[in-house]
Amino acid sequence: QANQNIRNFSIIAHIDHGKSTLSDRFIQHCEGLSEREMSAQVLDSMDLERERGITIKAQSVSLDYKARNGETYRLNFIDTPGHVDFSYEVSRSLSACEGALLVVDASQGVEAQSVANCYTAINLDLEVVPVLNKIDLPAADPDRVCQEIEDIIGIDALDAVHCSAKTGIGIEDILEELVKRIPPPQGEVDAPLKALIIDSWFDNYLGVVSLVRVMQGRVAKKQKIRAMHTSMDFQVDRVGIFTPKMKDRDYLEAGEVGFIIAGIKEIDAAKVGDTFTDASNPAQTALEGFQEVQPRVFAGIFPVSSDDYEGLRDALSKLNLNDASLSYEPETSQALGFGFRCGFLGMLHMEIVQERLEREYDLDLITTAPTVIYEVEQTDGEVIRMHNPSQMPPINKISEIREPIIKANILVPQDYLGNVITLCIEKRGVQTNMQYMGTQVNLSYEMPLSEVVLDFFDRLKSVSRGYASFDYELSHFSAAKLVRVDILINGDRVDALAVIVHADFAQARGRDLAERMKEIIPRQMFDVAIQASIGTNIIARTNVRALRKNVIAKCYGGDVSRKRKLLDKQKKGKKRMKQVGNVEIPQEAFLAVLRVD
Ligand code: GDP
Ligand code: MG
């Protein structure tokens, strides 16, 4: 039988409620790392994550905790990301655990993301242990927040530990609660191996590293294992645990969480959600895997310089090794040349990928406006799916366009309810439920995904002063009056500037886009005509006047360094320009649709 002194758990918390800080405290308390090794936040390993303060990749840490009853327990905790874009990673981590620690900021209260993740945990039969963090803050109101946990999530929170990850209050109490309340793992050590792949990533030195939870049996060095979905066999080179440093072991057995390195060359050979079994004594059935994640948001990524095309392809394939949710395929644009159409989980994911491409691979890129997937029923009966405005068939060939609709859950304090409802209506939302829960209101809306992609999250935060939170899931496709608005520059349609919008807003959006282009496109040596059109129908027109004077002329007589600075700035600015016909168009133009207000 599995070791009964093991506790496997994940931490569920809304972004900024203190999950990483708390994890660090646990590590410190159990002395997983020496003081010197304890960098500010060890779990957020990627630089980018640290800068943005979010956790993207789930990671695990195994700690030995000497409990008050004198016994030593092995605590395995799996960090989970806290942003809506990555919620699929949360459910993956949860299914490897027997319990979940729910961390709620006592000065903020329950947020939509935590609610969604708690429901996932409860559905998976996990024991949910709530704690109230940040009680050191003067604004902390543990009683109200405790009531909120009971009202909104529906679990008993009366005995929730009050803690501060910052000062260290209550840390040991939390560890005691975890040991007491979370059940030990089940599963036979003597049964054939079944190990769930929770996560896997490509390491330049080690190859593919798989984070696994052994459900039954045992996996040892030198053993031949099989990935059950792909039926591929591998020889185990190393097994071990993260403390959080990698620590080799001879084997891992039922109930344990750790890593396997088995000479796997590509991540697709042993996918996340797959089951490893013993190649010479295989299990009958695989563990229930995870659903494959489908990208929801698509955008074109093009190198500013066509020389970088191969570099971009290479970089994307490397990023893809660690991020199976990123998809890409070659795309050709008349305006931007050769690039890739990339699929992302959401806007944050898109920003992160773009930033990593530029930072880690030193590429200068032009990204086009993101779009969702549309279903187009043509007059000949054929239904196509498109994720690029330029794929839209001519209007007379379309009998119906259907757009993806999401179910959104929004938690908002009563004071901001009116603002949030107004915003949802503006975003074509249809209210399906509204419930008062203590001082917060739980709103349910059906909304087009395309409107959410645009700027919903930022707007929600700004109309509620940061207090509203939301979570969503894809629901269905629904028919809508959608049209493509084209932008023409000096009479030429620029494919990469086209957007799909609702017909009711098309006129306004077209005018707005044309105006924005006018502001963004720098003056050239000649007049530039900008038009917006739907089909052959011009709905807006404007003009960028020709430049009269040389920019540098202005600085003549001034000091030389200023002039050099200006030139440098222009050069830098140039990098992000793309020559379309005889007009230079800067990156902002391609994303202008995002900033429509
Ligand atoms: P995460 O996004 O859930 O991982 O949250 P972090 O651990 O990164 O914490 C978010 C912010 O809250 C950081 O600035 C922390 O220093 C701060 N923080 C975390 N726990 C506490 C606490 O108990 N008290 C106070 N005052 N601040 C905290
Ligand atoms: Mg964090």
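Cut-off values and rules
- Residues numbered from 1 in each chain as written.
- Chains lettered and ligands numbered in written order.
- Predicted model: local features only at pLDDT ≥ 70, side-chain atom pairs only at ≥ 80, totals over all residues.
- Heavy atoms only, no water.
- Helix = DSSP H or I, 4+ residues; strand = E, 2+ residues; numbered from the N terminus.
- Buried < 20%, exposed > 50% of the residue type's maximum accessible area, 1.4 Å probe, protein only.
- Contact = heavy atoms within 4.5 Å.
- Areas by Shrake-Rupley, 256 points an atom, 1.4 Å probe, with all protein chains shown as cover.
- Pairing = 2+ DSSP bridges.
- Axes fitted to C-alpha atoms, helices over the stretch in contact; angles between N-to-C directions.
- Parallel < 35°, antiparallel > 145°, perpendicular 65-115°, else oblique.
- Left-handed = near helix turned anticlockwise from the far one by under 90°.
- Nonpolar A, V, L, I, M, F, W, Y, C, P; charged D, E, K, R; others polar.
- Arc of directions from axis to C-beta.
- UniProt positions renumbered as here; feature names shortened; annotations may be inferred.
- 1 Å grid on protein atoms, 1.4 Å probe; cavity = no way out; pocket = protein on both sides within 12 Å on 5 of 7 lines; lining within 4 Å.
- Points joined across faces, edges and corners; volume = space filled by probe spheres on them.
- Salt bridge = Lys/Arg side-chain N within 4 Å of Asp/Glu carboxyl O.

A. Geometry of the overall build of the protein. Along the protein, the regular secondary structure elements total 13 helices and 33 strands. Buried residues in the protein amount to 55% of all 597 residues. Summarising the internal contacts of the protein: among those between residues at least 6 apart in sequence, 69% fall at separations of at least 24. Here the protein displays about 26900 Å² of accessible surface, and carbon together with sulfur accounts for 46% of that area.

B. Structural context of the sheet that holds strand E18 (residues 327-333). Read from one edge of the open sheet, four strands run E18-E19-E17-E20, paired in antiparallel fashion. Among the strands making up the open sheet, the edge pair consists of E18 and strand E20 (365-367). Sheet twist, expressed as the average angle between the axes of neighbouring strands with direction ignored, equals 30°. Pairing of E18 with strand E19 (residues 337-344) involves seven bridges; the strand directions are antiparallel.

C. Local environment of the packing of helix H9 (residues 417-426) against helix H10 (residues 449-463). With their axes 9 Å apart at the nearest point, H9 and H10 run at an angle of 155° to one another. Put simply, H9 runs roughly antiparallel to H10. For the pair H9 and H10, the sense of crossing is right-handed. For the pair H9 and H10, contact is made by Asn 419, Val 420, Leu 423, Cys 424 and Glu 426 and by Phe 456, Arg 459, Leu 460 and Val 463, respectively. Its residues assigned to classes, the contact of H9 with H10 shows six nonpolar, one polar and two charged.

D. Up close: H9. Within H9, the full set of buried residues consists of Leu 417, Val 420, Leu 423 and Cys 424. Across the axial projection of H9, the buried residues extend over an arc of 130°, all falling on one side. Buried residues belonging to H9 abut strand E23 (398-413), strand E24 (430-437), strand E25 (440-448) and H10.

E. Fine view of the sheet that holds strand E6 (residues 161-162). In spatial order, the strands read E2-E3-E1-E4-E5-E6; together these six strands make up an open sheet with mixed pairing. Each of the sheet's edge strands pairs with one partner strand only, and the pair in question is strand E2 (60-66) and E6. Pairing of strand E1 (residues 6-13) with strand E4 (residues 99-105), which is carried by five bridges, proceeds in the parallel orientation. Bridging across to E4, Ser 10 finds its partner in Ala 100. The strands that helix H1 (residues 19-29) touches are E1, E2, strand E3 (72-78) and E4; relative to E1, the one it contacts most, it runs at about 155°. Its contacts with the sheet put helix H6 (residues 171-181) on E1, E2, E3, E4, strand E5 (127-133) and E6, and the angle it makes with E5 is roughly 170°.

F. Fine view of the UniProt feature "binding site: GTP" (unreviewed entry) in the protein. Mapped onto this structure's residue numbering, the UniProt feature "binding site: GTP" (unreviewed entry) falls at Asp 16, His 17, Gly 18, Lys 19, Ser 20, Thr 21, Asn 133, Lys 134, Ile 135 and Asp 136. If we skip the residues at most four places from it in the chain, Gly 18 touches Asn 133, Lys 134 and Ala 165. In this fold, Ser 20 is placed in helix H1.

G. Here's a closer look at empty space enclosed by the protein. Taken as a whole and assessed by the stated rule, the structure comprises three cavities of 30 Å³ or more. A volume near 250 Å³ is recorded for the largest cavity. Sorting the residues of the lining of the largest cavity by element identifies H10, strand E29 (499-502) and helix H11 (503-520) as the ones contributing at least two each. Residue composition of the lining of the largest cavity, by class: 14 nonpolar, three polar and three charged. Estimates place the volume of the second largest cavity at around 120 Å³. Along the wall of the second largest cavity there are 15 residues; nearest its centre are Arg 341, Thr 368, Asn 388, Asp 495 and Ala 496. Put simply, the parts of the chain that give the lining of the second largest cavity at least two residues each are strand E17 (297-303) and E18.

H. Highlighting the packing of H1 against H6. One can describe the packing of H1 onto H6 by two numbers: an axis separation of 10 Å at closest approach and a directional angle of 85°. Between H1 and H6, the angle is such that the two are roughly perpendicular. Where H1 abuts H6, its residues Leu 22, Arg 25, Phe 26 and His 29 lie against Ile 171, Glu 172, Ile 174 and Leu 175. Grouping the amino acids of the contact of H1 with H6 by side-chain chemistry returns five nonpolar, one polar and two charged.

I. How the structure looks around the pattern of salt bridges. According to the stated counting rule, one finds 32 salt bridges in the structure shown. For the salt bridge of Arg 385 with Glu 375, the shortest nitrogen-to-oxygen distance reads 2.9 Å. Of the two residues, Arg 385 is situated in strand E22 (residues 383-386) and Glu 375 in strand E21 (residues 374-378); the sequence distance between them amounts to ten residues. Glu 400 serves as the salt-bridge partner of Arg 402, at 2.7 Å between the closest nitrogen and oxygen. The class of Glu 400 is partly exposed, set by a relative accessible area of 30%. A network of salt bridges, in which partner residues are shared, links Glu 375, Glu 377, Arg 385, Glu 400 and Arg 402.

J. Fine view of unusual backbone geometry. At Lys 134, a residue that is not glycine, the phi angle is positive and equals roughly 65°. Mapped onto the secondary structure, Lys 134 falls in the loop between E5 and helix H5 (142-153). Positioned with a positive phi, Arg 465 is a non-glycine residue whose angle comes to about 50°. Looking at the secondary structure, you find Arg 465 in the loop between H10 and strand E26 (469-479). Residue classification places Arg 465 among the exposed residues on the basis of a relative accessible area of 66%.

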